[in-house]
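The primary structure of each chain is shown beneath.
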Amino acid sequence: QVQLVESGGGLVQAGGSLRLSCVVSGTIFSMSCMAWYRQAPGKQREMVADITIGGSSSYVDSVKGRFTISRDNAKKTVFLQMNSLKLEDTAVYYCAIKRCGWTSVNYWGQGTQVTVSS
């Protein structure tokens with residue numbers, strides 16, 4: 001049974017930082033392409049960042065230069081370091097195992113709330 005468990009969300013002031021973690025079990029993590037998505041109230045879920053098996057990453061334009069996705073295969077964990085947070089970053093953040101080279105998602109985590117206050 002594949003499980004993804006996120007942690008690290010919370011309340012932070014604008015300009016602050018948070019680090020999200022997602023621990024994966026039930027699959028070969030080192031062979032999995034990973035991504036972070038977010039969904040704000042009233043908006044569609046969007047992919048924030050993804051990282052390939054080889055460690056290459058990509059980001060949505062709105063977070064480039066502020067967010068960094070990384071992975072630790074030994075710990076079966078993917079991270080999202082979020083710096084210079086803005087009010088518009090407020091959302092539920094989801095970890096996902098995605099199909100490599102495609103946009104489709106195979107597995108989702110339960111989500112962790114990130115709230116940025118002024």
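Scroll up for the structure.
The sections below set out a description of the structure shown in this document. (Residues numbered from 1 in each chain as written. Predicted model: local features only at pLDDT ≥ 70, side-chain atom pairs only at ≥ 80, totals over all residues. Heavy atoms only, no water.)

**Focus: the environment of glutamine 3**
Then, in step 1: Relative to the elements of secondary structure, glutamine 3 occurs in strand S1 (residues 3-7).
Then, in step 2: A C-alpha to C-alpha distance of 12 Å links glutamine 3 and threonine 77, two positions 74 residues apart in sequence.
Then, in step 3: Setting aside residues no more than four positions away along its own chain, glutamine 3 makes contact with Val23, Val24 and Ser25. (Helix = DSSP H or I, 4+ residues; strand = E, 2+ residues; numbered from the N terminus. Contact = heavy atoms within 4.5 Å.)

**A few points about the pattern of salt bridges**
Then, in step 1: All chains considered together, the criterion is met by five salt bridges.
Then, in step 2: Each of Arg38, Glu46, Arg66 and Asp89 takes part in salt bridges that share partners, so that together they form one network. (Salt bridge = Lys/Arg side-chain N within 4 Å of Asp/Glu carboxyl O.)

**As for the sheet that holds strand S8 (residues 77-82)**
The strands making up a sheet associate through hydrogen bonds between their backbones, and the pairing can be parallel or antiparallel.
Then, in step 1: Pairing in this open sheet of four strands is antiparallel, and the strands run S1-S3-S8-S7 from one edge to the other. Edge positions in the sheet fall to S1 and strand S7 (67-72), since each of these pairs with one other strand and no more. Here the average twist between neighbouring strands, direction ignored, is 15 degrees.
Then, in step 2: Pairing between S7 and S8: six bridges, direction antiparallel. Note that in S8 the partner of arginine 71 across the bridge is valine 78. (Pairing = 2+ DSSP bridges. Axes fitted to C-alpha atoms, helices over the stretch in contact; angles between N-to-C directions.)

**Quick look at the nonpolar core**
Then, in step 1: Residues Met34, Trp36, Val78, Leu80, Met82 and Tyr93 are the most contacted members of the largest nonpolar core, which totals 27 residues.
Then, in step 2: Among the secondary structure elements, those contributing two or more residues to this core are strand S3 (18-25), strand S4 (33-39), strand S5 (46-51), S7, S8, strand S9 (91-98) and strand S11 (112-117).
Then, in step 3: Every residue in contact with tyrosine 93, bar those within four places of it in the chain, is listed here: Glu6, Leu20, Trp36, Tyr37, Arg38, Val48, Phe67, Leu80, Met82, Gly111, Thr112 and Val114. (Core = buried A, V, L, I, M, F, W, Y, C linked by side-chain atoms within 4.5 Å. Buried < 20%, exposed > 50% of the residue type's maximum accessible area, 1.4 Å probe, protein only.)

**Focus on the packing of aromatic side chains**
Then, in step 1: Across all of its chains, the model carries two aromatic pairs by this definition.
Then, in step 2: Ring centres 4.8 Å apart and planes at 70 degrees place the aromatic pair tyrosine 37 and tryptophan 108 in the edge-to-face group. Here tyrosine 37 is found in strand S4, whereas its partner tryptophan 108 is found in strand S10 (residues 105-108), with 71 residues between them in sequence.
Then, in step 3: Its relative accessible area of 8% is what places tyrosine 37 among the buried residues.
Then, in step 4: Judged by relative accessible area, tryptophan 108 falls into the partly exposed class, the value being 36%.
Then, in step 5: Between tyrosine 94 and tryptophan 108, the ring centres sit 6.2 Å apart and the planes meet at 80 degrees, which makes this aromatic pair edge-to-face. One end of the pair, tyrosine 94, is in strand S9; the other, tryptophan 108, is in strand S10, and 14 residues separate them in sequence.
Then, in step 6: According to the relative accessible area criterion, tyrosine 94 is buried, its value standing at 14%.
Then, in step 7: Here the guanidinium or amino end of arginine 19 rests over the ring plane of phenylalanine 79, the centre of that ring lying 3.9 Å away.
Then, in step 8: Above the face of the tryptophan 102 ring, arginine 99 is positioned so that its terminal group lies 4.5 Å from the ring centre. (Phe/Tyr/Trp six-rings, centres within 6.5 Å; stacked < 30°, edge-to-face > 60°. Lys NZ or Arg CZ within 6 Å of the ring centre and 35° of its normal.)

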